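Listed below, chain by chain, are the residues.
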Amino acid sequence: MQKSPFLKLSFLSVCLIGFIDCSQSQTPPSQSSTAIYEFGSTPIWQDEFNDSGKPDVKKWSYDLGGDGWGNHELENYTDKSENARVENGNLIIEARKESSGKQNYSSARLVTKGKGDFLYGKFEIRAKLPLGRGTWPAIWMLFSQENYGNKGWPDNGEIDIMEHVGFDQNHIHGNIHTKAFNHVLKTNKGGDTLLTDASTAFHTYICEWTPGYVSIGIDGKEYFRFNKESGYSWEQWPYDKSFHLILNMAVGGDWGGQKGVDDSIFPQKMEVDYVRVYPLVEKK
C-alpha cells in the first residue's frame, strides 16, 4: 500500500533474529548464497485477540488523521472503539460512513512500531476482508529505521503482505516498494492471485522475509517472490533492517477509489483472527 512520504520513524537495534529490542544489538544472519533459511515453530511475537475491548496497548498503537496518507484517501483514522476493537476472538477494523475530522468516513490504522519491530521472519495473519466498491484493506510492513536515501518512503522500503480493492473483488495483491522499484516510477514488483471467498471466509496471509528473498502467499501457497539479486544495493534492497506491521482499512484513494465509493455498503469490517511472527533460522 503506497503510503505518505511524511512518516517519521525512529531507529531501533537488533536483539535477535527476527525481533527487535531497543536495548541490545546482534549481527543478523549472513547473506551466503548457499544458505538455507527456515523458520522457528514458536512465535516470537503474536496477538490472538482473545481479550475483548480495545486492542492491546502493549502491542498496538494508532496512526491518526485524515490527510489522505499520500494516496488521496477519504477516511479519517481514529482510535475509537467503533473503528478498532476486539470482539468474539477477532480484531475488528471497521470503516464507517460518518463525519470524522475533515473527512466523511472513519476507520482505523493499527501499527506495531516500537512494540513489535522485526528483522526477518515469517509473518502469518489470518483475516477476513471487507466487501464493496471503495474499500481498500491492507496488511503490510513499513521501515522502522530511516537511514537510507531520503530518510522516508520509498527509499527505506515497504512490504505489502495483502492488499485488496473492493472494485476487484476476487484478486489479492502482494507488492514491494523501494527507491528503484515503486509505483511512482511504474517499476514496483508484485503479484496477484485469485481468491473468490476473501470476504466470506478467513484466509492466512503469509510473508517470509530472509536476507535473500521476500515471499508472499496465501494459505501456504506462494504467489510472489522478490529475490535479492547480485549487485543490489539499498536502492533495490533496503530489507536489511527492522520493519513493523500495519493493519488498516482505507476508503477510496488513488487505487481503492478508482471506480468510486459505494456509500450503501457501510459499515464494512476487516476481521483478524490472529497475527503471528516466527523467527528466522539459518541452516548451512
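Residue numbers here run from 1 along each chain, matching the order of that chain's written sequence. Side-chain atom pairs in this predicted model are given and counted only at pLDDT of 80 or more, local residue features only at pLDDT of at least 70, and totals for whole chains, interfaces and linings cover all residues. With hydrogens and water set aside, each side-chain value is computed from the structure's full complement of heavy atoms.

**Student:** Please explain the pattern of salt bridges as it appears in this structure.
**Tutor:** Any two side chains of opposite charge can pair, given that their charged atoms come close. For salt bridges, the criterion is a side-chain nitrogen of Lys or Arg within 4 Å of an Asp or Glu carboxyl oxygen. Tallied over the full model, the rule gives 11 salt bridges. Of the charged contacts in the structure, one is a salt bridge between Arg 276 and Glu 48, with a shortest N-O distance of 2.9 Å. Here the residue Arg 276 occupies a position in strand E21 (residues 268–278), and Glu 48 occupies one in the loop between strand E4 (45–47) and strand E5 (61–62), the gap between them amounting to 228 residues. A residue is classified by how much of its surface remains accessible, and Arg 276, at 22% relative accessible area, is partly exposed. Glu 87 is paired through a salt bridge with Arg 85; the nearest N and O atoms lie 3.1 Å apart. Classification of Glu 87 by relative accessible area gives partly exposed; the value is 27%. The rule is simple: take the accessible area with a 1.4 Å probe, protein chains only, and divide by the maximum for that residue type; under 20% is buried, over 50% is exposed, in between is partly exposed. The class of Arg 85 is buried, set by a relative accessible area of 15%. Here the residues in one salt-bridge network are Arg 85, Glu 87, Glu 94, Arg 96 and Glu 98, joined through shared partners. Numbering of helices and strands starts at the N terminus; helices are DSSP runs of H or I of at least 4 residues and strands are runs of E of at least 2.

**Student:** For this particular structure, what's the right way to read the nonpolar core?
**Tutor:** What tends to happen in soluble globular proteins is that the nonpolar side chains get buried as a cluster. Grouping buried Ala, Val, Leu, Ile, Met, Phe, Trp, Tyr and Cys residues that are joined through side-chain atoms within 4.5 Å yields what is termed a nonpolar core. Residues Phe 123, Ile 161, Tyr 205 and Trp 209 are the most contacted members of the largest nonpolar core, which totals 63 residues. Membership of the second largest hydrophobic core comes to six residues, among which are Trp 69, Tyr 77, Val 165 and Trp 255.

**Student:** Would you mind going over the pairing of strand E14 (residues 158–163) with me for this structure?
**Tutor:** Among the six residues in E14, six count as buried, and that is most of the element. One ladder, built from five bridges, connects strand E13 (residues 135–143) with E14; its direction is antiparallel. Note that in E14 the partner of Met 141 across the bridge is Ile 159. By definition, two strands form a pair when at least two bridges between them are found by DSSP. Taken together, the four bridges between E14 and strand E15 (residues 171–177) define a ladder with antiparallel strand orientation.

**Student:** What am I meant to see in the packing of aromatic side chains here?
**Tutor:** What describes a pair of aromatic rings is the distance from one ring centre to the other and the angle between the planes of the rings. Only Phe, Tyr and Trp rings are paired, with Trp represented by its six-membered ring, and only when their centres lie within 6.5 Å; those with planes under 30 degrees apart are stacked, over 60 edge-to-face, the remainder tilted. Applying the stated criterion to the full structure yields 17 aromatic pairs. Summarising the aromatic geometry, the rings of Tyr 239 and Phe 243 are spaced 5.6 Å apart at their centres and angled 45 degrees between planes, so their arrangement reads as tilted. Since its relative accessible area comes to 0%, Tyr 239 is described here as buried. By the criterion adopted, a ring carries a charge over it if an Arg CZ or a Lys NZ lies within 6 Å of its centre and within 35 degrees of its normal. Of note, Arg 109 hangs over the ring of Trp 69, and the distance from its end group to the ring centre comes to 4.3 Å. The ring of Tyr 213 carries Arg 225 above its face, with NZ or CZ at 3.9 Å from the centroid.

**Student:** Any chance you could explain the side chain of Gln 236 here in plain terms?
**Tutor:** Here Gln 236 is to be found in the loop between strand E19 (221–227) and strand E20 (243–251). In terms of polar contacts, Gln 236 uses its side chain to reach the backbone amide nitrogen of Ser 233, at 2.9 Å. Any two residues whose heavy atoms approach within 4.5 Å are treated as being in contact. Apart from residues lying up to four places away in sequence, Gln 236 is in contact with Thr 178, Ala 180, Phe 181 and Phe 226. The term polar contact refers here to a pair of N or O atoms within 3.5 Å; inside protein, the definition further demands a hydrogen-donor-capable atom paired with an acceptor-capable atom, and it admits residues adjacent in sequence only when both atoms are side-chain atoms.

**Student:** What am I meant to see in the confidence of the model for the protein here?
**Tutor:** Reading predicted coordinates in detail is not appropriate for stretches of low pLDDT. Per-chain confidence: the protein averages 91 in pLDDT, with 87% of residues scoring 70 or above. A residue's pLDDT is the confidence the predictor assigns to it, expressed on a 0 to 100 scale. Under a pLDDT of 50 for its full length, residues 3–17 has, in the predicted model, 55 contacts with residues more than four places off or in other chains. Below pLDDT 50 for its whole length, residues 20–32 participates in 38 contacts with residues either more than four positions away or in separate chains.

**Student:** It is not clear to me how the environment of Gly 260 should be interpreted in this structure. Could you clarify?
**Tutor:** Residue placement: Gly 260 occurs in the loop between E20 and E21. With relative accessibility at 28%, the residue Gly 260 sits in the partly exposed group. Considering only alpha carbons, one finds Gly 260 and Thr 135, 125 residues apart in sequence, at a separation of 9.7 Å. If we skip the residues at most four places from it in the chain, Gly 260 touches Arg 133 and Gly 134.

**Student:** Explanation requested: the environment of Gly 256 in the structure shown.
**Tutor:** Along the chain, Gly 256 turns up in the loop between E20 and E21. The class for Gly 256 is buried, based on a relative accessible area of 0%. Placed 185 residues apart in sequence, Gly 256 and Asn 71 show a C-alpha to C-alpha distance of 9.3 Å. Among residues more than four places away in sequence, those in contact with Gly 256 are Gly 134, Trp 136, Val 165 and Phe 167.

**Student:** Honestly, the pairing of E20 in this entry has me stumped. Any pointers?
**Tutor:** Regular strands have side chains that alternate between both faces of the sheet. In terms of burial, E20 is a largely internal element, nine of the nine residues being buried. Here E20 shows a buried face lined by Phe 243, Leu 245, Leu 247, Met 249 and Val 251 and a second buried face lined by His 244, Ile 246, Asn 248 and Ala 250. Relative to E20, strand E10 (residues 109–111) is paired through three bridges, and the arrangement is antiparallel. Considered in E20, the bridge of Val 111 is made with Ile 246. Here E13 pairs with E20 via nine bridges, running antiparallel. The residue of E20 that forms the bridge with Ala 138 is Asn 248.

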